[in-house]
Each structure stands twice: as C-alpha cells, then as structure tokens.
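# Working through the structure, step by step
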Amino acid sequence: MTRIRKVGVCGAGGTMGAGIALVSARGGFETVCYDLSEDGLARSRVEAGKFFAKSVERGRMSEEERGAALARMRDTSDLDALADCDLVIEAIFENLEAKKELFGKLNGICHDRTIFASNTSTLSITEIAGGSGRDDRVVGMHFCLPAQLMKLIEMSRGLNTSSETFEAAWAWTEAASQVPVETQDKPGFVLNALLVPFNNDVIRAIETGLCLPEDIDLAITSALGYKMGPCTLLDLIGLDTQARLGEAFHPITLDKRAAVPPLLRRMVAAGRLGRKSGCGLLTGIRPERASAAPSFGLTRSGDSRSFPDGDLFLAKAVADGDVTICLGGHYTPDPTKICVLVELDTECLGHHTGEVNDGAPSNAVGFARYRNGGDPPSNLVELARQASTTDEAIAGARAIFEVAGFDVVVCSDQPGRIVDRLVRPKYNDALRFLDEGLASAADMDKICCMGLGYSDGPIERVVRGGLVRHHDICHALHEMTGLAGYWPARAAVVEKSREGANR
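Residues numbered from 1 in each chain as written. Predicted model: local features only at pLDDT ≥ 70, side-chain atom pairs only at ≥ 80, totals over all residues. Heavy atoms only, no water.

## Things to note about the overall build of the protein chain
A tally of regular secondary structure across the protein chain gives 18 helices and 14 strands. In terms of overall size, the protein chain behaves like a compact globule, its C-alpha atoms giving a radius of gyration of 26 Å where 503 residues would be expected to give roughly 23 Å. Counting only C-alpha atoms, the protein chain reaches 80 × 50 × 40 Å along its principal axes. Considering the protein chain as a whole, with its 503 residues, one finds that 55% of them fall into the buried category. Summarising the internal contacts of the protein chain: among those between residues at least 6 apart in sequence, 71% fall at separations of at least 24. When the accessible surface of the protein chain is split by element, carbon and sulfur atoms take 52% of a total near 21,000 Å². The centroid of the 55 positive side-chain charges in the protein chain is displaced by 2 Å from the centroid of its 68 negative side-chain charges. (Helix = DSSP H or I, 4+ residues; strand = E, 2+ residues; numbered from the N terminus. Rg over C-alpha atoms; globule rule 2.2 N^0.38 Å. Buried < 20%, exposed > 50% of the residue type's maximum accessible area, 1.4 Å probe, protein only. Contact = heavy atoms within 4.5 Å. Areas by Shrake-Rupley, 256 points an atom, 1.4 Å probe, with all protein chains shown as cover. Lys, Arg positive; Asp, Glu negative; His and termini not counted. Charge placed at Lys NZ, Arg CZ, Asp CG, Glu CD.)

Right, here's the structure in full:
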C-alpha cells in the first residue's frame, strides 16, 4: 500500500518525463504533467493517446481503463499546480544547478510531506537534495528508457534521505507495477555506470576503424544475446544524449572511458544525432548473406575452442578443399588456397603472420567463434583481417561460415576483436562495483537484464565463463593496448593466484 495519491512529473514534455507520467497515470494515480514547453506537453499528450490506444489493441487494458488513465493526466506550465502533490518526480536535463533550483522552488510551493524524487542518471542524489530545503525527503528514482515499457527503477538514498521517505517511494513504485532495485548514491548508479563507458567504447571502436557499426550490433546480439545492439541503442536514445551523459559523468568519476569521444562530438556538431535526425551511427551497409561456399579442409595442432570434437561443422571438411582452416592456433601459409583461416584465441592474426610484410596481398584470415569460458560456443564467428588481406579471402571465409548457418562479422586485426574488446572493461567495472557495495550481484544482474534487455547479467556471465579466463583475456588485452580498462579486477586476480597456488 502507498499513501501517495497525486504525482507531479517535471519535464513531462520530454521523452523520459512523458514516459514516467504514463507509468503514474496507468498505475491509477492522479498525474500533473509539468513542463515549460506547452508544445512539448501537447506532443506528449498525443503520444499518450497513441500509447494507451495500442495497449487496448494488445489487450493490456480495456477501453474504459484507457479513458480513465488519460483523464488522470493534467498538463500545466504553472509550477504552482504541483502544490498538493504527494510525490514530485523531476526528469529535466542533466544539470545539477538546474535540478537544485527546481527543487528549491518546489520546496516553497509543495506541502511539507511531499517527497521529491530525481530521475537523474549521473548526478548525486545527496548534492541535488542539498538545494531542496528538505534533503530528508529527497530520493533517487532512475527509470529506464522508455519508462512506460521498462519496469526497472534504480532506487537510491541520499546521505540524509530518511527511511520513511525511501520506503514510501519504494511502495509507490510497486503500486505503479514497477520493479524497484536499491543501489548506492554513486555516479551513474549501476545502469549508467556500466552503460555510458561501454557506449563510448563502442564509438571509439568505430572511430579506430575496427569495423562497421552493423557488425558491432550483430556481434553483441549474437554472442551475448542482447535484445538490441549498442549502435541501435545509441541511435535510439540520441547521440546528443550520450554526449550529455559523458559530459556529466566524466568530471565526477575521472574515468577516461566516460569522456566524450571525439567522433561523438563531431557527429553531434554535424546534427547526426540518430533516429531523431534520420542519421546516426548505423550506415545501412550489410552484405547479403552468402548462398554458396567453397570447400574446405582442416589442419590441427591442438584443441579447438571454436569447434570442439563432434561439432557438426567439422563433418563438412574434405581432404583437399579450396580453403584451409587451421584449428588450435597454428598457421601454415598456402598461396594456392582462396584463403587460409587461422583460429585465434587472445592473440592477433599478426602473431602468426607477422606484423611487417612487403605489401603483397595475403590470403590469411583470422577467425574465432565467440565462446564464454566453458559455455558452448555461440553462433558468432569473428573474422580478423590485416591491411594486406584480400577481399577475395574475406569473401571466401565469410561464405564458408554463413552457409554453415553462423553469424559472421569482419573486423580489423585489433586486440580483442569486437566482443572481448567491448565487454571485458564492463565486466571489470561490474566486479569492482560489487567490491564497492554498489549493489548485490543479484541486483546488479537484475538491473542489466531488466533495464537493458540482457539475457544474463555481467556478474553471472563473467563468473560462469571463469574468472581465471577473464583474467587471462584482460591481461593479454592490457599488455597489447596499455589501457587501464583492461586491467583485471581484483576478484579475477585472486582467482588467478589461487590457480597458481593449487598447481
């Protein structure tokens, strides 16, 4: 049960505020939608009508419930209209002074028992509460985008937030049919503390010429089971939003991965903001899937992580194929073949072919079927090419795996290829947050699964894949790149030392 009956939403003319207002009204609460922009409120009201109409079409509410929910929503550009609200949720832009100023004004308008909640994604609840005049009644309530579809809410206490306030806000989220998870009042809480640097890593990978954005999305969704690729997500939320998040997050954390990448700044300056502008990261380039493939033979020098004994793919090999696939991490040049495929682990293709050549075309192609530790291999095959690798060699390699039913991506011969390059720093962050008590392992995984659509959480995945394996991958990446994000987290270092002691 909740004593809250009337809810005010500040910033209801924006995407997030409009979604929060829908959650409130759908949950049965009288909802005052406040925004300085009357045009923004008008757009939100039209979208609210469409959203509830679709809910009726899909059988999620009746026509009567739709009408009642819309009737509970009232638009206003007068802050005084929030005077008798029991809960006011702000969802204005990420600026500490603006949020403090808003709560300061509301403190003089609302009655004493009104709870103030901030939907901030990066700023400190304690600092925001400092300008409210009632810091014991301020709480963090970070909704996920789009709020009307995503059930998760990250709940955070400021240093002075009273237990009564936190419990009342928690009860309201449950009454509104949302799922609250408690996190600490630290920059980015859990969701954005993991997501903002990860998204920046994605943009930097594109900037370095690692691969096409479409290949990043396919690699991440295929290998990890994410519902949406990171480039699609960035284009959806807006590259300008990602830039603002970085600008707010980096000065607080001093994490270099949170700093706004140069490519992101250029794209925002050029008006390439994603879906809202009609042009973003995604290029629309995606080769047609191959329908025929050359024959291939196998050579072995050890166990294969990509194709363990008994894998059905191995049965397709012939004695003398047009392509040679070298399993187990060895390379024997053969210029008579369309391509020679070299299975990679943590090393680059250059480890086998050499980094310096005479510029002659090469038919060597690195490959790895992504696998999380001892889990069964995924359906993703990453192809790594050097500057001298021919297009013919890549086409032959791609055809072999695509005709066999695999998802295939192509990247330059850089450490970690696509998936490990991007996810290993995030796993390190998650393990570090666990050490810091930011959230429990179960809650951290729940936040990622519910808030981001992950098939499993980062703690579950890195532990299941093996902390020693994580250590070894990160150590190799750090040795090759020198980047701090790859330095193995404490838990992985401990497990690696235990392995050595038990030998």
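That covers the picture; the talk isn't over yet.
## A word on unusual backbone geometry
In this model, leucine 145 is joined to proline 146 through a cis peptide bond whose omega is -5 degrees. With respect to the element layout, proline 146 can be found in the loop between β6 (138-143) and β7 (152-157). Positive phi values are uncommon outside glycine, yet serine 177 reaches one of about 65 degrees. By the element assignment, serine 177 lies in the loop between α6 (163-175) and β8 (179-183). With a relative accessible area of 45%, serine 177 lands in the partly exposed category. The backbone of leucine 254 sits at a positive phi, close to 60 degrees, despite the residue not being glycine. Mapped onto the fold, leucine 254 is located in the loop between α10 (239-253) and α11 (262-269).

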